[in-house]
Number of protein chains: 2
Amino acid sequence: MPIPILQCDRNSKDQYSRFLLGAREDLSAATARILPILEAVRTKGDQALLSYTEKFDGIKLSQVTIDPKQFKTNIDPKIKEAFLRAKANIEDFHLAQKRESWSKIIDGNRLGVKYTPIPSLAVYAPGGKALYPSSVLMGIIPAKIAGVPSIQLITPPQKEGLPEILVWLAQILEIDRIVTVGGAQGIAAAAYGTESVPKSEFIVGPGNAYVAAAKSFLSGQGLIGIDSPAGPSEVCIIADGSANAKWIACDMLSQAEHGEDSSAILLTTDLTLAKRVSEELEIAFVERPKRLQMKQKAIYENSAVLVFPNIDDCIWFSNELAPEHLEIQTENNEIIFSKIDHAGSVFLGPYSPVAMGDYISGTNHILPTARGSRIYSSLGVDTFLKRVTFQEVTKESLETLYPFVKLMSELEGLDEEHGTSVKVRTKGHE
Amino acid sequence: MPIPILQCDRNSKDQYSRFLLGAREDLSAATARILPILEAVRTKGDQALLSYTEKFDGIKLSQVTIDPKQFKTNIDPKIKEAFLRAKANIEDFHLAQKRESWSKIIDGNRLGVKYTPIPSLAVYAPGGKALYPSSVLMGIIPAKIAGVPSIQLITPPQKEGLPEILVWLAQILEIDRIVTVGGAQGIAAAAYGTESVPKSEFIVGPGNAYVAAAKSFLSGQGLIGIDSPAGPSEVCIIADGSANAKWIACDMLSQAEHGEDSSAILLTTDLTLAKRVSEELEIAFVERPKRLQMKQKAIYENSAVLVFPNIDDCIWFSNELAPEHLEIQTENNEIIFSKIDHAGSVFLGPYSPVAMGDYISGTNHILPTARGSRIYSSLGVDTFLKRVTFQEVTKESLETLYPFVKLMSELEGLDEEHGTSVKVRTKGHE
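Procedures and definitions
Residues numbered from 1 in each chain as written. Chains lettered and ligands numbered in written order. Predicted model: local features only at pLDDT ≥ 70, side-chain atom pairs only at ≥ 80, totals over all residues. Heavy atoms only, no water. UniProt positions renumbered as here; feature names shortened; annotations may be inferred. Helix = DSSP H or I, 4+ residues; strand = E, 2+ residues; numbered from the N terminus. Buried < 20%, exposed > 50% of the residue type's maximum accessible area, 1.4 Å probe, protein only. Contact = heavy atoms within 4.5 Å. Areas by Shrake-Rupley, 256 points an atom, 1.4 Å probe, with all protein chains shown as cover. Lys, Arg positive; Asp, Glu negative; His and termini not counted. Charge placed at Lys NZ, Arg CZ, Asp CG, Glu CD. Expected span 1.5 Å × (residues − 1). Buried area = accessible area lost by both parts, 1.4 Å probe. Salt bridge = Lys/Arg side-chain N within 4 Å of Asp/Glu carboxyl O. Pairing = 2+ DSSP bridges. Axes fitted to C-alpha atoms, helices over the stretch in contact; angles between N-to-C directions. Polar contact = N/O pair within 3.5 Å; in protein donor to acceptor, adjacent residues only side chain to side chain.

Chain A goes by Histidinol dehydrogenase in an unreviewed UniProt entry, where it is assigned to Leptospira bouyouniensis. Under Catalytic activity (unreviewed entry), UniProt gives the following word-for-word description of chain A: "L-histidinol + 2 NAD(+) + H2O = L-histidine + 2 NADH + 3 H(+)". What UniProt states about chain A under its Sequence similarities (unreviewed entry) heading is, verbatim, "Belongs to the histidinol dehydrogenase family."

A. Spatial organisation of the overall build of chain A. Helix and strand counts for chain A stand at 16 helices and 15 strands. Taken over the C-alpha atoms alone, chain A extends approximately 85 × 60 × 45 Å along its principal axes. Within chain A, the proportion of its 430 residues that are buried is 60%. The contacts of chain A with a sequence gap of at least 6 include a subset with a gap of at least 24, amounting to 76%. Total accessible area on chain A is roughly 16,100 Å²; 50% of this is exposed by carbon and sulfur atoms. Here chain A carries 44 positive and 53 negative side-chain charges, and the mean point of each set is 4 Å from the other.

B. Representation of helix 15 (residues 395-411) of chain B in the model. In a regular helix each residue adds 1.5 Å, so 17 residues correspond to 24 Å; helix 15 of chain B covers 24 Å between its end C-alpha atoms and thus fits that length. Those residues of helix 15 of chain B that fall on the buried side of the exposure criterion are Ser397, Leu398, Leu401, Tyr402, Phe404, Val405, Met408 and Ser409 of chain B. Buried-residue contacts for helix 15 of chain B involve helix 4 (77-95), helix 5 (133-146) and helix 14 (354-359) of chain A together with strand 4 (109-117) and helix 16 (415-423) of chain B. Remark: Gly413 of chain B follows helix 15 of chain B within two positions and exhibits a positive phi of approximately 70 degrees.

C. A look at the interface of chain B and chain A. At the junction of the two partners, chain B supplies 121 residues and chain A supplies 121 residues. In total, chain B and chain A occlude about 11,100 Å² of area from one another, counting both sides; carbon and sulfur atoms represent 58% of this. Of all residues in chain B, Tyr359, Arg387 and Arg425 of chain B bury the most surface against chain A, accounting for 8% of the area lost on that side. The tally of links from chain B across to chain A stands at 20 salt bridges. As a salt-bridge pair, Arg387 of chain A and Asp382 of chain B come within 3.6 Å of each other at their nearest N and O atoms.

D. Expanded view of the UniProt feature "binding site: Zn(2+)" (unreviewed entry) in chain A. Cross-referencing UniProt, the feature "binding site: Zn(2+)" (unreviewed entry) maps to Gln255, His258, Asp358 and His418 of chain A in the present numbering. Of the residues just listed, which span 164 residues, the most distant C-alpha pair is 56.6 Å apart, and they do not cluster in one region. The exposure class of His258 of chain A is partly exposed, given its relative accessible area of 33%. Those residues within four positions of His258 of chain A in sequence are excluded, and the remaining contacts are Ser233 and Met294 of chain A together with Leu414 and His418 of chain B. The residue His418 of chain A is located in helix 16 (residues 415-423) in this model. We classify His418 of chain A as buried; its relative accessible area is 0%. Contact partners of His418 of chain A, with chain neighbours within four places excluded, come to Ser409 of chain A together with Ser254, Glu257, His258, Ala355, Asp358 and Tyr359 of chain B.

E. Quick peek at the UniProt feature "binding site: NAD(+)" (unreviewed entry) in chain A. Residue and element names in this part refer to chain A. UniProt feature "binding site: NAD(+)" (unreviewed entry): in the numbering of this structure it lies at Tyr124, Gln185 and Asn208. Spanning 85 residues, the named residues form one tight spatial group whose C-alpha atoms are at most 12.4 Å apart. By the element assignment, Tyr124 lies in strand 5 (residues 120-124). Given a relative accessible area of 5%, Tyr124 falls into the buried group.

F. Seen up close, the sheet that holds strand 10 (residues 234-239) of chain B. If you walk across this open sheet you meet the 9 strands as 3(A)-4(A)-15(A)-14(B)-13(B)-10(B)-11(B)-12(B)-1(B), and the pairing is mixed. The sheet is open, and its two edges are formed by strand 3 (102-106) of chain A together with strand 1 (5-7) of chain B, each paired on a single side. Recorded for the sheet is a direction-independent mean angle of 20 degrees between the axes of neighbouring strands. Bridge analysis of strand 15 (residues 385-392) of chain A against strand 14 (residues 345-348) of chain B gives 3 bridges, and the strand direction is parallel.

G. Examining the side chain of Ser421 of chain B more closely. When you line up the elements, Ser421 of chain B lands in helix 16. A polar atom in the side chain of Ser421 of chain B sits 2.8 Å from the backbone oxygen of His418 of chain B. Apart from residues lying up to four places away in sequence, Ser421 of chain B is in contact with Cys250, Asp251, Ser254, Pro353 and Ala355 of chain A.

H. A look at the pattern of salt bridges. Taken as a whole and judged by the stated rule, the model has 45 salt bridges over all chains. Its salt-bridge partner being Glu91 of chain B, residue Lys87 of chain B comes within 3.1 Å of it at the nearest N-O pair. Placement of the pair is Lys87 of chain B and Glu91 of chain B together in helix 4 (residues 77-95), with a separation of 4 residues, close to one helical turn. Between Asp312 of chain B and Lys339 of chain B there is a salt bridge, and its shortest N-O distance comes to 3.3 Å. Note that Asp312 of chain B is positioned in helix 12 (residues 311-321) and Lys339 of chain B in the loop between helix 13 (333-338) and strand 14, a separation of 27 residues in sequence. A relative accessible area of 37% places Lys339 of chain B in the partly exposed class. Through salt bridges that share partners, Arg99, Asp382 and Arg387 of chain A together with Arg99, Asp382 and Arg387 of chain B make up one connected network.

I. Spotlight on helix 12 of chain B. All names here are of chain B. By the burial criterion, the buried members of helix 12 are Asp313, Cys314, Ile315, Phe317, Ser318, Asn319 and Leu321. Where helix 12 is buried, its residues meet helix 1 (13-16), strand 10, strand 11 (263-268), strand 12 (304-307), strand 13 (325-329) and helix 13. Positioned one or two residues after helix 12, Ala322 has a phi angle of 50 degrees, which is positive.

This is how it looks when you write it as structure tokens:
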């Protein structure tokens, strides 16, 4: 049962349409379960947090927050070096995104944009098996660079104590507070605020279905802003006959390693490459059998090689797919990339596997999934900045422009007050 | 029953807390009513649009879209001149927001951001009494500048035919299609697509509760992106004794003119100014009695003058309020503005009434309400652009960075595939 190799053109919808569903997780069941939890946290605060933590995590907390500065950590210096290298690169890439406020004279008046940070942020970090310290860097560094004044980390408690790596990261990222409450109750604590947990206006970071449902519901209520909803991880690879089939197979498997619902789509014009990649996948399953069933399900059921008659069709399909990750491994990477409109993050050339961006190169790995890159971006400094527009109108320009305001406000039936507010400032009416 | 004048400090929550609720319209009743409409449009397409239009608008359409180029319009040249002046200024201000893609070398690799437009947009323009042609400029121009390739205008049909001004604006803005279907059915047409209406990935523009409920629900489903939810219009004014009380009163009334739930909050340190503004409001009610009851309700019930002991308290309150519009009319406008963190659009000095930005100066008037400016921005070119991040890793850099990826992926339990995808590209493993 190898990976499906499908010969396609733009019309063979029956072949490829199942990959374009962009289906998100159905959160309705999870939403129903979390509503009473949200309400309890809203009304009972810390007490609800303590009792849910005892109930769901089996842990009796004495308090729901800790100050990471008060802990000693003992992290392997080599691990520290790796995370510090990643931190430096992520900082460099995101610093380059920072924007300067500006103003210019337009029609006699000074108009401009002032960039200001959102007031507060909570970053959720899942616990247990899904402990991804790299995601903590990805969530917090752009916010720090944007200048967000209040950032807290939310993470489930662990029976053996908080993972040292999280505490150390909170220390080097200068986070004042870790809220040791997981799930929907942790999200609710940040969204509503409690006696111990200050309200956060924005919440980012991956989590299970209850976390996702809580974020989505509270954002719909206008209570918090959130990053785009997380979904199964996916990669799309555009490759031609010049590509290394083994490397491509490894890149596809590194998505499959995230879960059985993950997806890897290879787009190529080269049937020989398609077959070689399929063979390399089978070899890899033998050589690296860890979590075999999961990886095979992802590759056999949710992935495919689509063989198109020409490279423009591959590009067309990639834009339709709007993948979270896109690798381009061809002899014409730049030309192909110039035609890419929709993708979360793009990896050019043979030495850019997604894992480089996941961990170390500096780009952000919190990305829109489920075709979300058609309208959403990866997490970045902009996620945490707002444009405050401003203007200073001169007396002269107000005189010149008043007749236009008069006509337009009359047309909209708003001349009595809108029109008058300008008129009273003109000569002879002051 | 004049406007309330409340002497406050930061502790007098009982006085001011009702202005900080940031309450949004409750859309639950409207949502329940639109769900069957959305489902009917999704499954029955054009036929549902025609039958809802007959039912709700009393109009039998023969088709649901028109091509504005096929119509002749006869607009007063003076009106044209006004809208063309506004268009030029809005274009200038938004062109200045356009961003260049960039790349730089970070830790040996080329990393960058490519800005690409969203694929498609629908702009909703309410009909009837709420016809605001200026909002059509505000919704479409930033999208045109972002490069959005497909833009359609959605507006309810009118018994006497579409307003000529809308058709003419669609012509000069080079819109290919007007969908003459209003309400939730018009939004559903754009969100799902029908035989005649192509699907739009993003929908912006104000509308009634059904329009707002449809946008909100469909966005929650991940089907479309939307602008921040529209709410009652509001202005906050920071003024000192140097300000003109009559002008301030006019500016407050120009918000009140939008509806009885609109709000105007004057923040000042000067009790004399407070009293003079109150008097000017009463004079204005006598001089300009049009829609008196509505304006009085907005001013007496939803507005106030808050007199704080010092200007820093006024600034603090304005940042708490995060108003849609903020006017600063003092002797130290720049200093005060430098301390403003959260506001939709700011109007500096005596000659910058909000109406200048509403119509002609060039800034966008589609702004976050209900304290939304704490985390959201006004509509702008960025609304319609995405950051596609990219990287090209060198062979040398991959060699150097592999040991870090190895350690980090081991820590996250993802070394078997993530780690391997980098390892196979290192020397001796190719």
